[in-house]
Amino acid sequence: MNEPPKLTNTEAISAWSQVSPEMVANFGDEGDFTRRYLLNPALFALLGDVAGKAVLDAGCGQGYLCRMLAKRGAAVTGVEFADAWYAYAAQREQAEPLGIHYLQADLSTWPGLPEMFDSVIANMVLMDIPDYLPALHTCVASLKRGGELIVSLLHPCFEEPGAAWKEKGYVEVREYFQERPVAQTYGYFIHRPLSAYLNSIIQAGCQIQRIIEPQLEESVAREHHAERYWHVPGYVVISAVKS
Ligand SMILES: C[S@@+](CC[C@H](N)C(=O)[O-])C[C@H]1O[C@@H](n2cnc3c(N)ncnc32)[C@H](O)[C@@H]1O
């Protein structure tokens, strides 16, 4: 097998910055379909009552989760690097203030805010960062002791997009063990084996508490022609506590 191409954080971020302003604005106040039906229920089940808690949304995109958390009473900080997404999040906060503090930074080089947060969430972010280990370590360093780290990912075992399921009715897996960039709508995500994420969370000083593979309800799957997510998970959500 040929050596896979290497990707830098700058190249990955630059792809995220190419997204059109319409797409950023139309992402939805509770995120897209995936977030509304699969990720948000898992995230909020893990988080419980966030009122009065300090929460970091690491790689917050256009800030939909920051706003949901702030409306539930959390003190929220969002970190995002790509101009288009950061600008939208900051402009929404200016127009409708919820007390969210946004920072524009690369999570891999950002020094973090040591032991500041009760919860740190990296929602669909780590697989988009080529140099993900420093970003993960900064997330953990920013947690208070006993605080919760929540990482959601494109499920590394079943990454093929939902559209492929519609034609085939199954998910194909190839070269599972090889870390490599995989083209997606905007730039690339990095495929890594699931064990890479689980072990790096443990090595960063956390104890894994719970893993959710969100399953779509059958009725929702049928209504939205998204049967794949009733049969095979597309995402995995990992909850861990800083020791
Ligand atoms: C799939 S999006 C998820 C956004 C948001 N968490 C959500 O769920 O809507 C990945 C986000 O991570 C951001 N990102 C990628 N690499 C980053 C980095 N090194 N530092 C900060 N943000 C980064 C991208 O710009 C993008 O907004």
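Above: the structure in question.
Computed from a predicted model, the values in this text were never measured in an experiment.

Undergrad: Give a description of the pairing of strand β1 (residues 54-58) that names residues and reports values.
TA: Consecutive residues of a regular strand have side chains that alternate between opposite faces of the sheet. With four of its five residues buried, β1 lies for the most part within the structure. As for the winding sense of the linkage, the β-α-β connection from β1 through helix α4 (residues 64-71) to strand β2 (residues 75-80) is right-handed. Two elements, β1 and strand β4 (residues 117-123), share three bridges in a ladder whose sense is parallel. The residue of β4 that forms the bridge with V55 is S119.

Undergrad: Break down the environment of E96 for me, with residues and values.
TA: In this structure, E96 sits in the loop between α5 (83-95) and β3 (101-104). Here E96 falls in the exposed class, since 9 other C-beta atoms lie within 10 Å of it. Separated by 144 residues in the primary sequence, E96 and A240 place their C-alpha atoms 32 Å from one another.

Undergrad: Lay out the site of the ligand in plain terms, naming residues and giving numbers.
TA: For the ligand, the set of nearby residues contains 23 residues, the closest of which are W16, G59, G61, F81 and A82. Listed by contribution, the elements that provide at least two residues to the shell around the ligand are α1 (9-17) and β2. By residue number, the principal contributor to the shell around the ligand is α1, which donates four residues. Grouping the constituent residues of the shell around the ligand by class yields 14 nonpolar, six polar and three charged.

Reading the values: rules and limits
Residues numbered from 1 in each chain as written. Predicted model: local features only at pLDDT ≥ 70, side-chain atom pairs only at ≥ 80, totals over all residues. Buried ≥ 20, exposed ≤ 12 C-beta atoms within 10 Å, placed from the backbone. Helix = DSSP H or I, 4+ residues; strand = E, 2+ residues; numbered from the N terminus. Right-handed = clockwise from strand over helix to strand, strands pointing away. Pairing = 2+ DSSP bridges. Near = placed C-beta within 6 Å. Nonpolar A, V, L, I, M, F, W, Y, C, P; charged D, E, K, R; others polar.

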